[in-house]
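# Descriptive structure summary
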Amino acid sequence: GDALRETQERALRVFLQVLSVVAPLVGVALFLREGFSLITGAAATLTLIVWACAALQRTGHAWLAAHTVVVATLLVSVVGVLSDGSVRSAAVMVMLAGVVGAGTFLPARSMLLAGGFALLALAALSAAENLDLLRPAHLKRGWALWITQTAVLLSVLFSLYYGRHRLFVSFEEQRKA
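An account of the accompanying structure is given in this report. Each residue is numbered by its place in its chain's sequence as written, counting from 1. Whole-chain, interface and lining totals are the exception, using all residues; otherwise, since this is a predicted model, local features are given only for residues with pLDDT of at least 70 and side-chain atom pairs are given and counted only at 80 or more. Excluding hydrogens and water, the side-chain figures rest on all heavy atoms present in the structure.

### Overview of the overall build of the chain
Filter applied, for reference: The way it works is that DSSP assigns letters per residue, a run of H or I at least four long becomes a helix, a run of E at least two long becomes a strand, and they are numbered from the N terminus. As a reference, a globule follows 2.2 Å times the number of residues to the power 0.38, and the radius of gyration itself is taken over C-alpha atoms. Working definition: with a 1.4 Å probe on protein chains only, accessible area under 20% of the residue-type maximum means buried, over 50% means exposed, and in between means partly exposed. Only heavy atoms matter for contacts: two residues are in contact if any of them lie within 4.5 Å across the pair.
Helices and strands together make up the secondary structure of the chain, namely 6 helices and 0 strands. Of the regular secondary structure in the chain, the N- to C-terminal order runs α-α-α-α-α-α. At 17 Å, the chain has a C-alpha radius of gyration in line with the 16 Å of a compact globule built from 177 residues. For the chain, the spread of C-alpha atoms along the principal axes amounts to about 60 × 30 × 25 Å. Burial status across the chain gives 42% buried among its 177 residues. Long-range pairs, those at least 24 residues apart, make up 79% of the contacts in the chain between residues at least 6 apart in sequence.

And the structure:
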């Protein structure tokens, strides 16, 4: 109903606000670790896309904003794995965040497509790594890893909280009906 749609749009707005803060933090941390590189470029691109999606959502285009941010997150995670040369990269956690975001904010078909893409991408990247087709892994230590992991965990935590809240709203609407 209307209450559920409003709750979902409010949750998407807050989710995009959270990403609008954590995405540039990840980008800055990566830049401080590596300077200009493929992964810092991808992080900067994701930040700009998140900001654009927040603007889209504010102007009544929640469907487009949700789909765009999920697709961008999944694609940036693939770029991150390619940049790091390993599926052991923190970028795989970003892929997880994209799938959780898909499950939280997208319709069932889009969610399944996003999940299928993530599974296929991870399989292809794993095969490429096992066949030594990726650049040599250079998994660096430092704050960039912790900031990326924290950003992903916060986005997953928020998505799970929202899913639970949405379930409670649905139950309350049914009870009142």
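Having seen the model, we can carry on.
### Side note on helix α5 (residues 108–130)
What counts, and what does not: Multiplying 1.5 Å by the helix residue count minus one yields the expected span of that helix.
With 23 residues, α5 ought to run about 33 Å at 1.5 Å a step, and its terminal C-alpha atoms sit 33 Å apart, in line with that. Buried within α5 are the following residues: Ser110, Ala114, Gly115, Ala118, Ala121, Leu125, Ala128 and Glu129. Phi turns positive, to about 60 degrees, at Asp132, one or two residues after α5.

### Describing the side chain of Thr104
Relative to the assigned elements, Thr104 resides in helix α4 (residues 91–105). We classify Thr104 as buried; its relative accessible area is 7%. Among residues more than four places away in sequence, those in contact with Thr104 are Gln8, Ser159, Tyr162 and Arg166.

The values are spatial; any link to function lies outside them.
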